[in-house]
Amino acid sequence: MSITIHLPSVLAAHAGGTRAIETGGATVGTALDQLVSRYPQLGPRLRDAHGAPYPFVTIYLNDEDVRLVGGFEAAVRDGDEVTIVPAVAGG
Amino acid sequence: MSATLAPVTAQGGDALPELTRDELVRYSRHLLLPEVGVEGQRKLKAARVLLVGAGGLGSPAALYLAAAGVGTLGIVDFDRVDVTNLHRQLLHGTHDVGRTKLASAIDRLRAVNPHVVVEPHELRLSAANALDLVGQYDLVVDGTDNFQTRYLVNDACVLTGRPNVYGSIFRFDGQVSVFCTADGPCYRCVYREPPPAGLVPTCSEGGVLGILPGIVGILQATEAIKLILGIGEPLIGRLNLVDSLGARQRSVKIRRDPTCPACGTRELQSLIDYDAFCGIGTPTAEAPVLEITPRELAERLDRRDDLLLLDVREPHEHAIARIPGARLIPLGTFAEAIDALDRGRDIVIHCRSGVRSANAVRQLQAAGVTRVWNLAGGILRWADDVDPTVARY
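What counts and how
Residues numbered from 1 in each chain as written. Chains lettered and ligands numbered in written order. Predicted model: local features only at pLDDT ≥ 70, side-chain atom pairs only at ≥ 80, totals over all residues. Helix = DSSP H or I, 4+ residues; strand = E, 2+ residues; numbered from the N terminus. Buried ≥ 20, exposed ≤ 12 C-beta atoms within 10 Å, placed from the backbone. Contact = placed C-beta atoms within 7 Å. Rg over C-alpha atoms; globule rule 2.2 N^0.38 Å. Arc of directions from axis to C-beta. Domains from an automatic or database assignment. Nonpolar A, V, L, I, M, F, W, Y, C, P; charged D, E, K, R; others polar. Pairing = 2+ DSSP bridges. Axes fitted to C-alpha atoms, helices over the stretch in contact; angles between N-to-C directions. Parallel < 35°, antiparallel > 145°, perpendicular 65-115°, else oblique. Left-handed = near helix turned anticlockwise from the far one by under 90°. Core = buried A, V, L, I, M, F, W, Y, C linked by C-beta atoms within 7 Å.

Visitor: Help me out: how do you make sense of the overall build of chain A in this one?
Guide: Across its full length, chain A carries three helices and five strands. The buried share of chain A, taken over its 91 residues, is 38%. By sequence separation, contacts in chain A at least 24 residues apart represent 54% of the contacts at least 6 residues apart.

Visitor: Help me understand the overall build of chain B, please; the structure alone is not making it clear to me.
Guide: A tally of regular secondary structure across chain B gives 17 helices and 13 strands. For 393 residues, the compact-globule estimate of 2.2 N^0.38 gives 21 Å, and chain B sits close to it at 24 Å. By principal-axis analysis of the C-alpha atoms, chain B measures approximately 80 × 50 × 40 Å.

Visitor: How do you make sense of helix α17 (residues 378-385) of chain B when you look at a structure like this?
Guide: Residue pairs three or four apart in sequence face the same way in an α-helix, which turns once every 3.6 residues. Turning to α17(B), its buried residues number three or more, namely Gly378(B), Ile379(B) and Trp382(B). Viewed end-on, α17(B) has its buried residues packed into an arc of 120 degrees, placing them on one side of the element.

Visitor: Hey, could you run me through the domain arrangement of chain B in this one?
Guide: Accessible area lost during the coming together of the parts is what is often quoted as the interface size. All names here are of chain B. Split by domain assignment, chain B resolves into domain 1 (6-277) and domain 2 (291-385). Taken together, the contacts link four residues of domain 1 with seven residues of domain 2. Considering only residue class, the side of domain 1 that touches domain 2 consists of no nonpolar, three polar and one charged.

Visitor: Just to check I follow, could you spell out the interface of chain A and chain B for this structure?
Guide: Counting from both sides, the interface comprises 20 residues of chain A and, opposite them, 36 residues of chain B. Among the elements of the structure, α1 (9-12), β3 (57-61), β4 (64-65) and β5 (81-86) of chain A are those that each provide at least two residues to the side of chain A that touches chain B.

Visitor: Help me understand the pairing of strand β10 (residues 307-311) of chain B, please; the structure alone is not making it clear to me.
Guide: Along any regular strand the residues' side chains alternate between the sheet's two faces. Residues and elements named next belong to chain B. Sheet topology note: the β10/strand β12 (residues 346-350) ladder contains five bridges and is parallel. Across the sheet, residue Leu 310 finds its bridge partner in β12, namely Ile 349. Bridge count between β10 and strand β11 (residues 327-328): two bridges; the pairing is parallel. For Leu 310, the partnering residue across the bridge sits in β11 and is Arg 327.

Visitor: Any chance you could explain the packing of helix α5 (residues 58-68) of chain B against helix α11 (residues 211-229) of chain B here in plain terms?
Guide: Geometry of a packed helix pair, given as the angle between the helix axes and the separation of the axes. Residues and elements named next belong to chain B. Two elements in contact, α5 and α11, have axes whose closest approach is 7 Å; the angle formed by their N-to-C orientations is 40 degrees. Between α5 and α11, the interaxial angle falls into the category oblique. As for the relative orientation of α5 and α11, their crossing is right-handed in sense. Across the interface between the two elements, Gly 58, Ser 59, Pro 60, Ala 61, Tyr 64, Leu 65 and Ala 68 from α5 touch Pro 213, Gly 214, Gly 217, Ile 218, Gln 220, Ala 221, Ala 224 and Ile 225 from α11. Taken together, the residues of the contact of α5 with α11 break down into ten nonpolar, five polar and no charged.

Visitor: Any chance you could explain the sheet that holds strand β8 (residues 248-253) of chain B here in plain terms?
Guide: Pairing between the strands of a sheet is mediated by backbone hydrogen bonds and can be parallel or antiparallel. All names here are of chain B. What the eight strands build is an open sheet, ordered β3-β2-β1-β4-β5-β6-β7-β8; its pairing is mixed. On the outer flanks of this sheet lie β3 (117-121) and β8, each paired with one strand and no other. Across the sheet, the axes of successive neighbouring strands diverge by a mean angle of 15 degrees, strand direction being ignored. Against the sheet, α11 engages β1 (48-52), β4 (139-142), β5 (164-170), β6 (173-179) and β7 (238-243), with an angle of about 170 degrees to β5.

Visitor: Teacher, can you tell me more about the packing of α5(B) against helix α6 (residues 101-112) of chain B here?
Guide: All names here are of chain B. At a minimum axis distance of 9 Å, the contact between α5 and α6 shows a crossing angle of 35 degrees. When the axes of α5 and α6 are compared, the crossing they make is right-handed. Within the contact between the two elements, α5 uses Ala 62, Leu 63, Ala 66 and Ala 67 and α6 uses Ala 105, Leu 109 and Val 112. Considered class by class, the residues forming the contact of α5 with α6 number seven nonpolar, no polar and no charged.

Visitor: Is there a simple way to explain the nonpolar core in this structure?
Guide: Proteins that are soluble and globular tend to have nonpolar side chains buried together. Residue and element names in this part refer to chain B. By size, the foremost hydrophobic cluster in this structure holds 101 residues, and its most contacted members are Val 49, Leu 51, Ala 62, Leu 65, Leu 73, Val 140 and Ala 224. Each residue touching Ala 224, except ones within four places of it in the same chain, is listed here: Val 49, Leu 65, Leu 139, Val 141 and Val 165. The next biggest cluster of nonpolar side chains, apart from the first, holds 20 residues, and it includes Ile 323, Ala 326, Ala 358 and Trp 382.

So this is what it looks like as structure tokens:
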């Protein structure tokens with residue numbers, strides 16, 4: 001079971017500069033748990049203190065917004081890709 | 001999904017402006033494309049596009065839209081050209097430093113294509129003027145550099161029914177989409193609320209690869225032209241993610257949120273206070289942030305006062321310029337470092353300009369620390385008032 005989590009450069013800085021990280025897990029939430037256990041600094045940047053999603057950080061399972069396919073409970077399969085896309089405002 | 005540019009595409013062939021002989025020659029490579037042709041080029045000539053910002057994204061977008069023959073380009077900007085803009089803002093050249101970006105843009109765009117009318121709007125887009133301004137154009141290209149103006153542009157586009165060709169960048173990553181069409185989502189459907197002020201660094205704090213706004217701004221110009229011509233598959237309902245380091249570009253699906261206050265429930269019926277919405281300059285009941293000026297700090301350091309000087313910038317900024325004796329704790333890791341700080345000493349916190357350090361001061365106040373000061377104006381003012389050998393960046 002291998003899930004690839006893609007991080008934007010703003011978050012990769014908290015994962016030793018790595019932008020694509022292989023994890024396991026049965027759901028999006030548990031895949032993120034595994035990511036955070038390796039890179040604890042990412043934890044508060046992905047979910048709030050209660051474990052809820054932030055309104056300014058979107059997460060996609062393959063190309064679907066996880067909010068529309070079950071949120072953190074959405075099941076993941078081998079080879080799935082999870083992409084974190086926080087709001088950025090530069091121009 | 002079809003494009004929704006009623007003001008332009010609804011015009012019949014007779015209502016569209018004719019092309020002059022010069023224009024027929026200039027645009028010949030467009031006219032040879034069946035998807036554009038003479039009628040498409042006349043649609044481009046009839047089109048009125050508003051560019052919000054003549055900076056990193058606005059530069060390539062304006063250059064290509066002008067070259068493509070978009071008849072009228074409105075540009076909103078109130079800034080002047082700074083030498084730090086030049087690594088990415090190709091509307092402006094070295095000789096333009098100090099000029100207004102609008103004056104520079106007008107000269108450059110006239111040189112690119114004298115057939116294009118440039119309408120300069122030297123103002124800060126605000127809740128007071130946005131509906132009127134956006135309403136004068138067929139679509140908006142959002143090239144702003146802050147969350148307040150992005151929500152303002154979005155809401156003005158929803159309320160006036162104008163498509164918002166959105167682009168945004170940070171460091172090596174970009175986002176592009178077309179928001180606020182008849183059927184598609186808006187910016188608020190994707191990002192309901194902005195991050196707390198100071199959480200996400202700006203490009204002036206975090207840096208940006210100079211080429212990135214070129215890529216993203218040209219994608220925005222492409223989307224604008226597709227909307228005007230009514231061709232192709234516009235980025236409606238899709239968010240295009242540009243990863244310049246991975247040389248990857250992909251789209252994820254985004255949908256209109258029926259609970260979105262702007263385009264879903266439509267409870268948002270007028271523009272709001274976007275500074276307050278983004279948590280900027282909001283009067284609060286919190287304790288005020290005490291400030292110390294660079295000169296006062298220099299006096300205290302000269303006296304060898306027992307104080308703890310903290311720098312909450314990023315390591316790459318510290319490598320460019322630093323105040324001797326300051327201990328680096330980037331704002332992103334500040335919360336984790338609070339417990340280990342020596343609370344018995346006076347604490348002074350600085351960053352580049354004073355915004356991030358005010359955030360850090362508030363975090364310490366919330367943790368019960370009272371003898372904590374923000375360095376007014378940050379290291380930039382330190383360079384101006386105390387030590388001119390410190391690099392400004």
